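The lines below spell out each chain.
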Amino acid sequence: MSRLALARAAYDAVPLYDPKRTPVALDLTDNTNLWGIPPHAERTLREMPTAAVTRYPTLYAAELKAELAQMLGVTPDMIVTGCGSDDILDSAMRAFGEVGDMVVAPEPSFAMIPIFARMNDLQYTGAVELPSQQPDLDALLAARPKILYLCSPNNPTGTLVARATIERALAEAPGVVFIDEAYAEFAGASSVDLLAQSDRLLIIRTMSKAYGLAGLRVGYAVGAPALVEAVEKSRGPYKLNALAERAALAALRDDRAWVDEHVALAIQLRERLSDALRERGLAPLASAANFVCVPVPNCVAVGQALRARGVAARPFPGLPHVGDTLRISVGPWDMLEQFLTAFDAAMQEVNGGVAA
Ligand SMILES: *Cc1c(COP(=O)(O)O)cnc(C)c1O
């Protein structure tokens, strides 16, 4: 028997996720916190006791769950943590999806959703978003999904999903509704209050973006206790490592002002970057996140020309309704100035100038 034949059949259709990204001097591709790590979290990491490394972490990060619950105004039994929100999404698909069940998501949206669906032997159907960049809820519901995924603000467009769309999804979806709020801090909007009305809503959040802890892998979900318990069983014990738990606790307890300040800065500079792109004759999409998605002809070639200049932004070729786009993470203005300089040269090289 070949090695491959020994693996689950579902894995035949799953390529190893590896976008082969080469390091670059200025990386604006992953929407992490480009201002760095919050100060108290950093000090906690520097002063980490030996036992945090030599001993096992806590089973289910109870202290962190309590802190997150307090921040969100829910009870701790409504929180589950994970090794990044990727781990939560993966565990939750396994918790709610029987083999062959349907997962649906708008397109474009978070690229990992079809991958996690296939990894868990679930079916996946995407429904092209409406020209307004809102999810096509009729199409999503028509697939009778066990899991309906929405991302608000959406990655990669930055669009906030309309409240009415989320309310209708909760009222009409036959299964569980996932709302990925990886960028909610930048939107100043959340669906957490809707948990009071719905026991099949799972809101997935992360400390990788606004909180600057992507390398530590801290994600969490909020939902009705019965949902959360199922995800926690599927997730299993010891998933959040001890260093991550302690640094995340420090960030939540002592770095809230730092996070708020840098979220406000990201919002301000997101608008400044959008203005700079408009001055170049481009039409960036309205963003509620810490990145800007801008239609740019020949985005893959422009991305390569940017890389040749030591700058990376992520190309999304052929998005529905808007065509080729670049997604640019927002960071300190000097980084965005560097981006704009490289971008002007790349656009000159590829498109013979900036205006479309
Ligand atoms: C970055 C991102 C995540 C993953 O976050 P981790 O917590 O680092 O795994 C999840 N969802 C969306 C939409 C993201 O952009």
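Conventions used here
- Residues numbered from 1 in each chain as written.
- Predicted model: local features only at pLDDT ≥ 70, side-chain atom pairs only at ≥ 80, totals over all residues.
- Heavy atoms only, no water.
- Axes fitted to C-alpha atoms, helices over the stretch in contact; angles between N-to-C directions.
- Helix = DSSP H or I, 4+ residues; strand = E, 2+ residues; numbered from the N terminus.
- Parallel < 35°, antiparallel > 145°, perpendicular 65-115°, else oblique.
- Left-handed = near helix turned anticlockwise from the far one by under 90°.
- Contact = heavy atoms within 4.5 Å.
- Nonpolar A, V, L, I, M, F, W, Y, C, P; charged D, E, K, R; others polar.
- Near = heavy atom within 4 Å.
- Polar contact = N/O pair within 3.5 Å; in protein donor to acceptor, adjacent residues only side chain to side chain.
- Areas by Shrake-Rupley, 256 points an atom, 1.4 Å probe, with all protein chains shown as cover.
- 1 Å grid on protein atoms, 1.4 Å probe; cavity = no way out; pocket = protein on both sides within 12 Å on 5 of 7 lines; lining within 4 Å.
- Sits in = over half its atoms within 2 Å of the grid points.
- Buried < 20%, exposed > 50% of the residue type's maximum accessible area, 1.4 Å probe, protein only.
- Arc of directions from axis to C-beta.
- Pairing = 2+ DSSP bridges.
- Core = buried A, V, L, I, M, F, W, Y, C linked by side-chain atoms within 4.5 Å.
- Domains from an automatic or database assignment.
- Buried area = accessible area lost by both parts, 1.4 Å probe.
- Salt bridge = Lys/Arg side-chain N within 4 Å of Asp/Glu carboxyl O.
- Patch = residues over 30% accessible without salt bridge, like charges linked within 9 Å, V, L, I, M, F, W, Y side chains within 5 Å.
- Points joined across faces, edges and corners; volume = space filled by probe spheres on them.

1. A closer look at the packing of helix α5 (residues 84-96) against helix α6 (residues 112-119)
Where α5 meets α6, the closest approach of the two axes is 9 Å, and the angle between their N-to-C directions is 40 degrees. Judged by the angle between their axes, α5 and α6 are oblique. Of the two possible hands of crossing, α5 and α6 adopt the one that is right-handed. Residues Asp86, Leu89, Asp90 and Met93 of α5 form the contact with α6, whose own contacting residues are Met112, Ile113, Phe116, Ala117 and Met119. A breakdown of the residues in the contact of α5 with α6 according to their chemical character gives seven nonpolar, no polar and two charged.

2. As for the site of the ligand
Near the ligand you find 14 residues, and of these Ser85, Tyr183, Thr206, Ser208 and Lys209 are the closest. Ser85 places a polar main-chain atom, nitrogen or oxygen, 2.6 Å from an oxygen atom of the ligand. Within the side chain of Asp180, a nitrogen or oxygen atom sits 2.7 Å from a nitrogen atom of the ligand. Considering the ligand on its own, with 390 Å² of exposed area, one finds that the protein chains cover 93% of that surface. Applying the majority rule of atoms within 2 Å of the grid points places the ligand in the largest pocket.

3. Details of helix α13 (residues 299-307)
Cys299, Val302, Gly303, Ala305 and Leu306 are the residues of α13 that are buried. The arc that holds every buried residue of α13, seen down its axis, measures 165 degrees, which confines them to one face. Close packing links the buried residues of α13 with β10 (311-312), β11 (314-319), β12 (323-329) and α14 (333-351).

4. Points about the pairing of strand β2 (residues 79-83)
In terms of burial, β2 is largely enclosed, as four of its five residues are buried. Where β2 and strand β8 (residues 218-223) come together, five bridges link them in antiparallel fashion. Following the sheet pairing, Thr81 is matched in β8 by Tyr220.

5. Some details on the nonpolar core
As a rule of thumb, soluble globular proteins bury nonpolar side chains together. Core analysis: the largest hydrophobic core is formed by 81 residues, its most contacted members being Leu64, Met207, Leu273, Leu277, Leu306, Phe339 and Phe343. No other element matches the nine residues that α14 contributes to this core. Of the residues that make up this core, three or more belong to each of domain 1 (3-34 + 257-351) and domain 2 (40-254). Excluding anything up to four places from it in sequence, Leu277 contacts Leu282, Pro284, Val292, Val294, Ile328, Leu340 and Phe343. In this structure, Leu89, Tyr124, Ile204 and Val231 belong to the second largest nonpolar core, which totals 27 residues.

6. Re the domain arrangement of the protein chain
When the domains of the protein chain are assigned, the result is domain 1 (3-34 + 257-351) and domain 2 (40-254). The interface of domain 1 with domain 2 comprises 30 residues on the first partner and 31 residues on the second. A combined buried area of about 2300 Å² lies between domain 1 and domain 2, and 66% of that area is made up of carbon and sulfur atoms. Of all residues in domain 1, the largest losses of buried area upon contact with domain 2 belong to Val259, Ala288 and His321, amounting jointly to 21% of the total for that side. The interface formed by domain 1 and domain 2 holds one salt bridge in total. At the junction of domain 1 with domain 2, the criterion picks out seven residue pairs in polar contact (both at pLDDT 80 or more). Looking at the side of domain 1 that touches domain 2, the elements with two or more residues in it are α12 (256-279), β9 (291-295) and β11. Broken down by element, the residue count for the side of domain 1 that touches domain 2 peaks at six residues, all from α12.

7. Considering a nonpolar patch on the surface
Together, Tyr56, Leu59, Tyr60 and Tyr238 make up a nonpolar patch on the protein surface, roughly 450 Å² of accessible area in all. Mapped onto the secondary structure, Tyr238 falls in the loop between α10 (225-235) and α11 (242-254).

8. Quick look at the layout of surface pockets
Computed from the structure, the largest pocket encloses a volume of approximately 570 Å³. Along the walls of the largest pocket sit 29 residues, with Asp30, Asp86, Phe110, Asn155 and Lys209 positioned nearest its centre. Of all the elements in the fold, those that place two or more residues in the lining of the largest pocket are α5, β5 (147-151) and β11. Element by element, the count of residues in the lining of the largest pocket is highest for α5, at three residues. Considering only residue class, the lining of the largest pocket consists of twelve nonpolar, eight polar and nine charged. Of the domains in this structure, domain 1 (3-34 + 257-351) and domain 2 (40-254) are the two that each give at least three residues to the lining of the largest pocket.

9. Regarding the sheet that holds β12
The strand order β9-β12-β11 describes an open sheet built from three strands, whose pairing is antiparallel. Here the strands that pair on one side only, and so sit at the sheet edges, are β9 and β11. For this sheet, the mean inter-axis angle between neighbouring strands, taken without regard to orientation, is 25 degrees. Relative to β12, β9 is paired through five bridges, and the arrangement is antiparallel. For Pro295, the partnering residue across the bridge sits in β12 and is Thr325. Contacting β11 and β12, α13 runs over the sheet at an angle of about 35 degrees to β12.

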